[in-house]
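# Structural overview
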Amino acid sequence: MSTIAMPVPDSDTLGRRDEIIDALEAAVPGAVISDPVETRAYECDALTAYRCPPLAVVLPCKTEEVAAAMKVCFDLGVRVVPRGAGTSLAGGSLPTADSIILGTARLTDVLEIDYDNRFIRVQTGVTNLSVTGAVEDDGFFYAPDPSSQLACAIAGNIAMNSGGAHCLKYGVTTNNLIGVKIVMTDGEIVEVGGPHLDASGLDILGIICGSEGQLGIVIEATLKILPKPEGARPVLIGYDDAEVAGQCVANIIKSGVLPVAIEYMDRPCIRVVENFAKAGYPDCEALLIVEVEGSEAEIADQLTIIKDIAAALNPVELREAQSADESAAIWKGRKSAFGAMGQINDYMCLDGTVPLSELPFTLKRIGELSKEHEMDVANVFHAGDGNMHPLILFDANQPGDLERAEAFGADILKLCVQVGGCLTGEHGVGIEKRDLMTDQYSAEDLEAQMRVKDVFDPQWLLNPAKVFPLQVSAARRG
Amino acid sequence: MDMPKTEAQLAALIKQAHADKTPLRIRGGGTRTDLGRPAQPADVLSTQGLSGITLYDPGALTMIAQAGTSMAEIETALAAENQMLAFEPIDYRGLLGSTGEPSIGGTVATNISGPRRMLVGACRDFVMGVRFVTGEGDIVKSGGRVMKNVTGLDLSKLQCGAYGGLGVLTEVSMKVMPKPQAAMTLVFEGFTVEQGLALLRKALGTPFELAGAAFLPGATSRTCLRIEGLKTQVDYRTKNLTALSSGLSKIVTGGEHDALWKSIRDVVPFHGSNKPVWRLSVKPSAAADIAAALETALGAEAFFDWGGGLIWLQTPDATAEIAQQIRAEIAPHGGYATLIRGSVQQRAALDVFQPQAPRLAKISQQLRDQFDPAGVLNPSLMAA
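Rules used in this analysis
Residues numbered from 1 in each chain as written. Chains lettered and ligands numbered in written order. Predicted model: local features only at pLDDT ≥ 70, side-chain atom pairs only at ≥ 80, totals over all residues. Heavy atoms only, no water. Buried < 20%, exposed > 50% of the residue type's maximum accessible area, 1.4 Å probe, protein only. Helix = DSSP H or I, 4+ residues; strand = E, 2+ residues; numbered from the N terminus. Pairing = 2+ DSSP bridges. Contact = heavy atoms within 4.5 Å. Buried area = accessible area lost by both parts, 1.4 Å probe. Salt bridge = Lys/Arg side-chain N within 4 Å of Asp/Glu carboxyl O. Polar contact = N/O pair within 3.5 Å; in protein donor to acceptor, adjacent residues only side chain to side chain. Domains from an automatic or database assignment. Axes fitted to C-alpha atoms, helices over the stretch in contact; angles between N-to-C directions. Expected span 1.5 Å × (residues − 1). Core = buried A, V, L, I, M, F, W, Y, C linked by side-chain atoms within 4.5 Å. Nonpolar A, V, L, I, M, F, W, Y, C, P; charged D, E, K, R; others polar. Parallel < 35°, antiparallel > 145°, perpendicular 65-115°, else oblique.

On to the pairing of strand β8 (residues 177-183) of chain A. Residue and element names in this part refer to chain A. Within β8, seven of the seven residues are buried, leaving the element largely enclosed by the surrounding structure. Note that β8 and strand β10 (residues 217-224) share six bridges and pair antiparallel. Directly across from Val183, in β10, lies its bridge partner Ile217. Note that β8 and strand β9 (residues 189-193) share five bridges and pair antiparallel. Its bridge partner being in β9, Ile182 is matched across the sheet by Val190. Between the end of β8 and the start of β9, which pair antiparallel, lie five residues, with Gly187 showing a positive phi angle near 95°.

Here you go:
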């Protein structure tokens, strides 16, 4: 058994199952899935260690249907778990037995593309990659690029304020989202923001983005699109000392060159990846991939500055891609890191963020914790913004291993908080980090956050048992 | 005027005000006190006693400062490391005729950004965390000192642009950026508004990362394209952007360049007058039509930043009817208008901030009630 507790399902709701399903079917005919065999497909997201089939699943095709379904749940006091593509690594869309899943999977229309004003308006069931797909032939792209971008939905990107490898330059979802249409818990549809910049009045858009489905169902999004850069090229830098690698990252960032990505891999990760992808990586303590964008001349100039900085710190490897193939080779290992890990082990992927200056200490301490917990860990992460991704390796078939991995993970996340960082940089809290929130936030901090939820979701029906520690939210959850 | 020296003292003062239901007027450097609906008589609570840079880590692009720290102190410290606040905070003293030193707390509380906003983001996009005191005197922190942080609800964003109404900021954590190695501006003279704004939108659709896009009307209009980056980048981009249109009149660099963008940032064209000034955020392609209609109907004057997305509008008068006319002109396209400069009488007689749709207005009021149940923090300053 795993260690994250979920509340006992509400027996009254379970007893009204047929009534609830009838009401939903009447409100949104053809959109309700209630056969227990079929609802099983929605029992988990990408945090697969935790599973629970929902009471029912509703997949509306139209905005008005989302509102109608939400209204039914509001009137009947039924909990609702919003779901995009179900790729959350944090259990952000894990159902409870007494909740219905309200999914955006059928809301996949591109509603408006406006190159003159550089935005796109979409229904939120579209995948992240398809947003770029809709505009790339005309030379534009949508910047946030979480590694699940082929599958993950914009709805989930907004819920988790997703980032990606390129957010060092382009920011995360909240920096690229300029408007939403949201269904409130009582079914009212509210529009926030639009093609113009910044809000008049309070920044409601800012609080909705990253709210993990706690405040409403986001059904439409207006997103900034950017002109595609002319080209991009990476350089590979290897060091035999994590501290020196950290220094190199800081020096690059300070130099005024703005790379689009600075990725980091440590030795355990390099070895697994090299074995799997044969990317030609050196066997060293720390590997950096730094990518810059622009025209040929601009790329050359930026890479010269970066190579000078790197060379001054005695790298064991310093390799600039000379061709598209070589660029692909440099990225190949990094992009296959998670898959390569999965080939040899089960792994748990964390995503705490630390201040850049604390990277070397954090890595050293993670190494010590690995020995204390007697579990291996590999590190692959976005170094430019301190967003770490320690991968804890374990065997899911070995009784007790998952619990040990969770305990090790909790220690790493607490370490991130101790050095001035946070529990999660881009995956979200979900259920996974819910009960660690008290390590980062005081009772007053959490109270202030919960008061925002009180405004949007006075009955606390939306996405139950996520984000807020169960104990802290007990009185509100009822 | 109360000027607490510590966050705890500030919290105690607010706790008392909450108990007594005594309204407070929150004040940083005092350069923006004439923004918003005129204050009812209230005790002034100054954050100037909370001053100083708490942490500056140039290699991590991070600065944490107490809310009352002056922008001058912050900019001096950043300049020593060749860094900057990339969103180009406006200095309102010239426009509003105010004195004093603007503070970082006031900058964040008003969330008003300058010309580079359309490329890099607004003030709110550079706030990594805040500490604030609620209307009940509770000390709350949100976010932290790292760029990527999705841990819990983003109360920092909510504080940006709340004008102190959801809490008094005591400390802010900012992402800072390196100053560009080189910068220059292409100036095309004599274009009509439509021509100028069309060129700006065309340039913004290129990968050349325009860092400023303004149109200044006049006897000889100026369409200004600011280019920044490494020297090679600026040269390359200049060459390509110049090729977008005939009629390049000059390339501005150095001190003249810096002065040009400071003047756009600080709304210098409308300095030295008492006429009302409005800030309109609109869809860029609608800007020329909106401005033309208001020029005809109201005798207004306008200039444009953010490729047309930001219109600075000066009107001969400001009344509820005029506010309504301006907002009606924007409405079909989406966007809003805020009265930035107006007399006490004018600001009392009209909605300084754009009235919101009923449900959004209700949500905003409910949030205020949650964070400031007794209504003591800048009450009705943002009232629409």
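Bringing the interface of chain A and chain B into the picture now. On the side of chain B, 73 residues touch chain A, which itself brings 89 residues to the contact. Here chain A and chain B share an interface that buries about 6600 Å² over both sides, 57% of which is from carbon and sulfur atoms. Remark: the boundary between chain A and chain B carries twelve salt bridges. For Glu81 of chain B, the salt bridge goes to Lys254 of chain A, with nearest N and O atoms at 3.4 Å. At the boundary of chain A and chain B, one finds 30 residue pairs in polar contact (both at pLDDT 80 or more).

This next bit is on the domain arrangement of chain B. Note: interface size is frequently given as the accessible area lost on complex formation between the parts. Residues and elements named next belong to chain B. Parsing chain B into structural domains produces domain 1 (7-178), domain 2 (182-265) and domain 3 (269-349). In this assembly, nine residues from domain 1 lie in contact with eleven residues from domain 2. Overall, the association of domain 1 and domain 2 removes approximately 790 Å² of surface from exposure, summing both partners, and the carbon and sulfur fraction of that is 58%. Of all residues in domain 1, the largest losses of buried area upon contact with domain 2 belong to Pro115, Met118 and Leu119, amounting jointly to 55% of the total for that side.

What follows covers the sheet that holds strand β1 (residues 32-33) of chain A. Residues and elements named next belong to chain A. Across the sheet, which stays open at both edges, the four strands sit in the order β1-β2-β4-β3 with mixed pairing between neighbours. Single-partner strands in this sheet number two, and they are β1 and β3 (79-83). As paired elements, β1 and strand β2 (residues 56-58) share two bridges and run antiparallel to each other. Bridge pairing in β2 links Val32 to Val58. Relative to the sheet, helix α4 (residues 63-76) contacts β2, β3 and β4 (99-103), its axis offset from that of β4 by approximately 165°.

Taking 1.5 Å of rise per residue, the 14 residues of helix α14 (residues 358-371) of chain B would be expected to cover 20 Å, and the 20 Å separating its terminal C-alpha atoms lies within 8% of that figure. Those residues of α14 of chain B that sit buried are Arg359, Leu360, Ile363, Ser364, Leu367, Arg368 and Phe371 of chain B.

Before going further, it helps to spend a moment on the nonpolar core. Of all hydrophobic cores here, the largest spans 197 residues; its most connected members are Val452 of chain A together with Trp278, Leu280, Trp312, Ile326 and Leu367 of chain B. Here this core gets nine residues from one element, more than from any other, and that element is helix α16 (residues 401-418) of chain A.

Residue and element names in this part refer to chain A. Within the secondary structure, Glu432 is located in the loop between α16 and α17 (437-440). The exposure class of Glu432 is buried, given its relative accessible area of 15%. When near neighbours in sequence (up to four residues on either side) are disregarded, Glu432 contacts Ile4, Leu47, Leu89, Ala90, Met348, Cys349 and Leu350.

We now examine the domain arrangement of chain A. All names here are of chain A. The domains assigned to chain A are domain 1 (11-105), domain 2 (110-227), domain 3 (232-338) and domain 4 (345-436). Centre-to-centre separation of domain 2 and domain 4, based on C-alpha positions: 28 Å. At the interface, eight residues of domain 2 touch eight residues of domain 4. Summing both sides of the interface, domain 2 and domain 4 together bury roughly 560 Å²; the carbon and sulfur share of this comes to 48%. Of all residues in domain 2, Met160, Leu168 and Glu212 bury the most surface against domain 4, accounting for 58% of the area lost on that side. Taken together, the connections running from domain 2 to domain 4 amount to zero salt bridges. The tally of links from domain 2 across to domain 4 stands at three residue pairs in polar contact (both at pLDDT 80 or more). For the side of domain 2 that touches domain 4, a count of residues per class yields four nonpolar, three polar and one charged.

Residue and element names in this part refer to chain B. Looking at the secondary structure, you find Val277 in strand β14 (residues 277-282). The class for Val277 is buried, based on a relative accessible area of 0%. On a C-alpha basis, the gap between Val277 and Ile227 in space is 28 Å, while along the polypeptide they are 50 residues apart. Those residues in contact with Val277, other than ones at most four positions away along the chain, are Leu95, Phe270, Trp312, Leu313, Gln314, Thr338, Leu339, Ile340 and Arg341.

What follows is about the sheet that holds strand β12 (residues 232-239) of chain A. Pairing between sheet strands relies on hydrogen bonds along the backbone, with the strands arranged either parallel or antiparallel. All names here are of chain A. Here seven strands make up an open sheet; going across it, the order is β15-β12-β14-β13-β17-β18-β16 and the pairing antiparallel. Across the chains shown, the open sheet's two edge strands, defined by having one partner strand only, are β15 (317-320) and β16 (346-349). Across the sheet, the mean angle from the axis of one strand to that of its neighbour is 20°, orientation sign disregarded. Pairing geometry for β16 and strand β18 (residues 390-394), over four bridges, is antiparallel. Its bridge partner lying in β18, Tyr347 is registered against Leu393.

What follows deals with the packing of helix α12 (residues 296-311) of chain A against helix α9 (residues 231-242) of chain B. The geometry of α12 of chain A relative to α9 of chain B is characterised by a closest axis approach of 9 Å and an angle of 170° between their N-to-C directions. Judged on the interaxial angle alone, α9 of chain B and α12 of chain A are roughly antiparallel. Residues Glu298, Asp301 and Gln302 of chain A of α12 of chain A form the contact with α9 of chain B, whose own contacting residues are Thr232, Gln233, Tyr236 and Arg237 of chain B. Each residue belonging to the contact of α12 of chain A with α9 of chain B can be placed in one class, and the counts come to one nonpolar, three polar and three charged.

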